[in-house]
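Chain residues, written in single-letter form:
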Amino acid sequence: MNELISKLLENEDISLSEWEMLISDESSDELLFSLSREKREAVYGRSVFLRGLVEFTSFCSNDCRYCGLRRSNRNAERYRLREDEILQTIEKGHEIGFRSFVLQGGEDPYFTTERMYRILKDIKNTFPDSALTLSIGELSEDSYRSLKEAGADRYLLRHETADSEHYRVLHPEPMSLENRMNCLYTLKKLGYQTGAGMMVGSPGSSFRTLAEDMIFISKLKPEMVGIGPFIPHHDTPFRAEKRGSVSLTLRLIALTRLLNPHIMLPSTTALGTADEEGQLKGLEAGANVIMPNLTPLYVRKKYLLYDNKKISGDEAAENLEILKSELGEAGYIPLLTRGDYIL
Ligand code: 5AD
């Protein structure tokens, strides 16, 4: 096994079956995590980059079987922030020090490319010192180009799984893995700092599909990778499915760090939801980003991707001081700066 870890450290190609071995081996976790921390620290020191997350619409035209915001979920309470509310939310975040923001939403036809263009221009004109990340799903190349021109710096679009059969288990037609991957390659081509990522333990996943994820990540070379455990939502077809494993999620975070020490790796809200200490454990496995929630409290509970999603814990932006002091106590340096990917 140590031989495979050495291969990974030396940047050699790793085959599908070798990835499967790495992913399924519990016995090397301690070694893996300490190597992962060492690699992270060589690039980013003990910094943890904080990004203010604004969940600005819970409308979604997709029907992903795992997600509480899926179109068929009639019980989901839908909301849209007004344009001035989005700006005010960013303003509030900027006041408490954030210089990196993530605008996330379902695939909501109301927010056309023209409308998003206007919103982004507005934000960038008002706060030219801040980095802006979009996470609004699959769009055409023209739309991605125009949003880049409006000032978006980064784009998060998890591929969810790199196995096309598994992708079909999670996503009904007309979604397709092919289109998802094309979007990701387009984002890279247009010069976005691009984020891919997957859920761990989603129904139909296996060590094999996760190995495929690692091979896809090696090929795409994204600047960011979001990895979190699958957590069932009571109003979805996957309500009775098992939650994804926290320790397996941590192992994948560590392996991703070793694959590319420069990568921006969030310790996700899903990790913090599945395990009280999950976000700290994520950092100990090599993550270096946390995304505190800035979404106005009166709608925050409506952005329910999965059951028990945390809304007012240490990850909430109102509790920023608590988060900062906890990170400090654990020996980390919380940073509210843009936090760009270091080449
Ligand atoms: N459990 C865990 N993560 C989920 N996401 C959506 N639904 C769930 C769920 N039930 C993740 C997806 C998506 C991101 C915004 O949230 O990976 O890309």
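Residues numbered from 1 in each chain as written. Predicted model: local features only at pLDDT ≥ 70, side-chain atom pairs only at ≥ 80, totals over all residues. Heavy atoms only, no water.

A.B. asks: Just checking my understanding: could you explain the overall build of the protein chain for this structure?
C.D. replies: Assigned secondary structure in the protein chain consists of 14 helices and 9 strands. Dimensions of the protein chain, computed from C-alpha atoms along their principal axes, come out at roughly 55 × 45 × 35 Å. Residues classed as buried in the protein chain amount to 59% of the 343 residues present. For the protein chain, restricting intrachain contacts to residue pairs at least 6 apart in sequence, the fraction spanning at least 24 positions comes to 74%. As displayed, the protein chain has an accessible area near 14,100 Å², and 50% of this comes from carbon and sulfur atoms. In the protein chain, the 43 positive side-chain charges and the 52 negative ones have mean positions that sit 3 Å from each other. (Helix = DSSP H or I, 4+ residues; strand = E, 2+ residues; numbered from the N terminus. Buried < 20%, exposed > 50% of the residue type's maximum accessible area, 1.4 Å probe, protein only. Contact = heavy atoms within 4.5 Å. Areas by Shrake-Rupley, 256 points an atom, 1.4 Å probe, with all protein chains shown as cover. Lys, Arg positive; Asp, Glu negative; His and termini not counted. Charge placed at Lys NZ, Arg CZ, Asp CG, Glu CD.)

A.B. asks: Explanation requested: the nonpolar core in the structure shown.
C.D. replies: In terms of nonpolar packing, the biggest core is built from 95 residues, with Trp19 and Leu103 touching the most fellow members. Top contributing element to this core by residue count: helix H10 (residues 246-259), with 9 residues. Among residues more than four places away in sequence, those in contact with Trp19 are Leu8, Ile14, Ala211, Met214, Ile215, Ser218, Leu255 and Leu259. Grouped together as the second largest cluster of nonpolar side chains are 9 residues, Tyr44, Met264, Met291 and Tyr341 included. (Core = buried A, V, L, I, M, F, W, Y, C linked by side-chain atoms within 4.5 Å.)

A.B. asks: What's the story with the sheet that holds strand S8 (residues 289-290) in this structure? I'm lost.
C.D. replies: Note on sheets: strands pair through backbone hydrogen bonds, and any given pair is parallel or antiparallel. Strand order across the open sheet formed by 3 strands is S8-S1-S9, with parallel pairing between neighbours. Two strands in the sheet have a free side with no partner beyond their single neighbour: S8 and strand S9 (333-335). Bridge count between strand S1 (residues 47-50) and S9: 3 bridges; the pairing is parallel. Among the inter-strand pairings, Ser47 is bridged to a residue of S9, identified as Ile333. Across the sheet, helix H14 (residues 320-329) lies against S1, S8 and S9, angled at about 165° from S1, the strand it touches most. (Pairing = 2+ DSSP bridges. Axes fitted to C-alpha atoms, helices over the stretch in contact; angles between N-to-C directions.)

A.B. asks: I tried to follow the pairing of strand S2 (residues 52-57) on my own but got confused; where do I start?
C.D. replies: The side chains of a regular strand alternate, first on one face of the sheet and then on the other. Of all the 6 residues making up S2, 6 are buried; the element is thus mostly covered by neighbouring parts of the structure. As judged from the 5 bridges shared by S2 and strand S3 (residues 100-105), these two strands associate in the parallel manner. Bridging from a neighbouring strand, Gly52 pairs with Phe101 of S3. The handedness of the S2 to S3 crossover, carried by helix H4 (residues 83-95), is right-handed. (Right-handed = clockwise from strand over helix to strand, strands pointing away.)

A.B. asks: Got a minute to help me understand the site of the ligand in this structure?
C.D. replies: What surrounds the ligand is the set Tyr66, Cys67, Gln104, Arg158, Glu160, Met199, Pro229, Phe230, Ile231, Leu305 and Tyr306. A distance of 2.5 Å separates an oxygen atom of the ligand from a polar side-chain atom of Glu160. Burial of the ligand by the protein amounts to 88% of the accessible area it has alone, namely 400 Å². Grouping the constituent residues of the shell around the ligand by class yields 8 nonpolar, 1 polar and 2 charged. (Near = heavy atom within 4 Å. Polar contact = N/O pair within 3.5 Å; in protein donor to acceptor, adjacent residues only side chain to side chain. Nonpolar A, V, L, I, M, F, W, Y, C, P; charged D, E, K, R; others polar.)

A.B. asks: Help me understand unusual backbone geometry in this model?
C.D. replies: In most cases, non-glycine residues show a negative phi, while peptide bonds are predominantly trans. Residues Glu173 and Pro174 are joined by a peptide bond in cis, for which omega reads 10°. Along the polypeptide, Pro174 turns up in the loop between helix H7 (164-170) and helix H8 (177-189). Within the chain, Asn11 stands out as a residue other than glycine whose phi angle is a positive 65°. The topology assignment puts Asn11 in the loop between helix H1 (2-9) and helix H2 (16-24).

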